[in-house]
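Residue-level structural notes
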Amino acid sequence: MPFPTYMSMQCKDTMQKLYPHIADDIQLFSVNVLFRSEKQYLIGSRVKDRVIGIKNKYTADKLLYLCTLMDGTKTIKDIENIAFNKGITCNVAAIVEKLDSAGLLATSPYTENNEVTITSKTIFSLQLKPPNQAVKSISRFIVKLFVPALIILLLCTIFTFLKKSAYTYNTVLSPQLLIVMHIMFYFFLPFHEMGHIFAAWSLNVSIEAVKISLRWNIFPLFYIKYTHINFEQPSTKAKILIGGICANMLLATFFFLLFSLTGSMFFYIAAYVNISAVLISLYPHTISDGYYLLLLLTNKPNIRLNALKWIFSDKKAKPSTSILLFIILYITLTCTGFLTTFLYFRTTIQMICIYCSLNTVYVLLIFFVIYCFVIFWSLKKAKKIIQRR
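Residues numbered from 1 in each chain as written. Predicted model: local features only at pLDDT ≥ 70, side-chain atom pairs only at ≥ 80, totals over all residues. Heavy atoms only, no water.

1. Considering the overall build of the protein chain
Of the regular secondary structure elements, the protein chain holds 14 helices and six strands. Evaluated residue by residue, the protein chain yields a buried proportion of 37% over its 389 residues. A sequence separation of at least 24 residues applies to 66% of the contacts in the protein chain between residues at least 6 apart. For the protein chain, the accessible area works out to roughly 23300 Å², and carbon and sulfur atoms hold 68% of it. (Helix = DSSP H or I, 4+ residues; strand = E, 2+ residues; numbered from the N terminus. Buried < 20%, exposed > 50% of the residue type's maximum accessible area, 1.4 Å probe, protein only. Contact = heavy atoms within 4.5 Å. Areas by Shrake-Rupley, 256 points an atom, 1.4 Å probe, with all protein chains shown as cover.)

See the structure below:
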């Protein structure tokens, strides 16, 4: 009589752990830490698209040696004995568990390791084919052209602006103007993503897809999934991240030049929206270019996820310095964001209250309750996702 399916699966999983088999293309490589004269060592698999960080070269070499012994024909005890004869004493079973959780065993199930894909639900995906040599050459030309183009536009803008009479800016954000600005913001998003794409292609980094997701099933999020990005140097990742910001800077300067020449408020609003996009991209409070730049600068992967895991864990160990600092930063930026939003849209809120004959205090209270509800709803969704992992 055959065993039930669940028992067969359990036996198979146990055998795979007793006779560990590492991914066939496992390799050791190093990357240069940003703004520091030190290297980080990584062991990873391009087929699996997974890496694991190692503190130093000595430990990395030992782990790589252990990985070469995991060919699926030796038990954990056999590997421990061989390693012991080589002067290496370690807990192979714990190492196998670690490698399995990192997705580096040949039998490890596929799991997402990117914070965006873990916390978001994809609603649109556009697959991109690898670029040919001509496209790469065009991308390099566009990227090299950016700095001189930006300098020329800035000089022209300053010269034109000073030559003309001073402009008076209408800073009152009416509800109609806010709607127009939001529409323009999403209109310029593809240009921001194209900045990332051209930067990646110019650096010979392939792109798997351009995606639109809902973060925590609430907030729309545009992002690009790169091929084997974990194997790139941090400096390369930083250049790709800055590419989108540079695209918005170029557009902002271009539209402000047009505004200086024509005085049209349409161009002023377009420049304003692109400057806002630059600031939003640099803001590390959300999953943004600024957040990923923060990870590269601190050399700490997935700080937000690790902070959430610590917050929702039943048995709280002492948090690391990076987790503690991020939690403080998150709370500070959340409070600052609410106050800034209030001060920024105060005139608009007053206009809405006057138009609809509403009490300003009650409207502000409603906005505050909605703001708090969104935060707690996001945390609730985050807790479910973290606990599932």
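2. Quick look at the pattern of salt bridges
Overall, the coordinates contain three salt bridges when judged by the stated rule. We note a salt bridge from Asp 61 to Lys 57, for which the minimum N-O separation is 2.9 Å. In this pair, Asp 61 and Lys 57 are both assigned in helix α2 (residues 57-69), four residues apart and thus about one turn of the helix distant. A relative accessible area of 34% places Asp 61 in the partly exposed class. For the salt bridge of Lys 225 with Glu 208, the shortest nitrogen-to-oxygen distance reads 4.0 Å. Of this pair, Lys 225 sits in strand β6 (residues 219-226) while Glu 208 is found in strand β5 (residues 207-215), placing the two residues 17 residues apart along the sequence. On the basis of relative accessible area, Lys 225 is assigned to the buried category, the value being 14%. For Glu 208, a relative accessible area of 31% translates into the label partly exposed. (Salt bridge = Lys/Arg side-chain N within 4 Å of Asp/Glu carboxyl O.)

3. A short note on the nonpolar core
For soluble globular proteins, the rule of thumb is that nonpolar side chains tend to be buried together. With 23 residues, the main nonpolar core has Ile 22, Leu 66, Met 70, Leu 99 and Leu 104 as its most contacted residues. If you list the elements that add at least two residues to this core, you get β2 (39-45), β3 (50-54), α2, α3 (76-85) and α4 (92-101). Examining the composition of this core, we find that five residues originate from one element, α2, more than from any other. Excluding its chain neighbours within four sequence positions, the residues that come into contact with Met 70 are Pro 20, His 21, Ile 22, Ile 79, Val 92, Ile 95, Val 96 and Leu 99. (Core = buried A, V, L, I, M, F, W, Y, C linked by side-chain atoms within 4.5 Å.)

4. Some remarks on the confidence of the model for the protein chain
Mean pLDDT over the protein chain stands at 80; residues scoring 70 or higher make up 86%. Every residue in residues 1-12 scores below 50 in pLDDT, and together they form one contact with partners more than four places removed in sequence or on other chains. (pLDDT = per-residue confidence, 0-100.)

5. Description of unusual backbone geometry
Even without being a glycine, Phe 35 presents a positive backbone phi close to 60 degrees. What makes Phe 35 exposed here is its relative accessible area of 74%.

6. Concerning α4
Among the residues of α4, Val 92, Ile 95, Val 96, Leu 99 and Asp 100 are the ones counted as buried. Angular distribution of buried residues about the axis of α4 spans 135 degrees; they occupy a single face of the element. Seen from the open side of α4, the exposed residues pointing more than 90 degrees away from its buried face are Lys 98 and Ser 101. The N-cap of α4, judged by a side-chain oxygen 3.3 Å from the amide nitrogen of Ala 93 a few residues on, is Asn 91. Looking one or two places after α4, you find Gly 103, whose phi comes out positive at around 80 degrees. (Arc of directions from axis to C-beta. Polar contact = N/O pair within 3.5 Å; in protein donor to acceptor, adjacent residues only side chain to side chain.)

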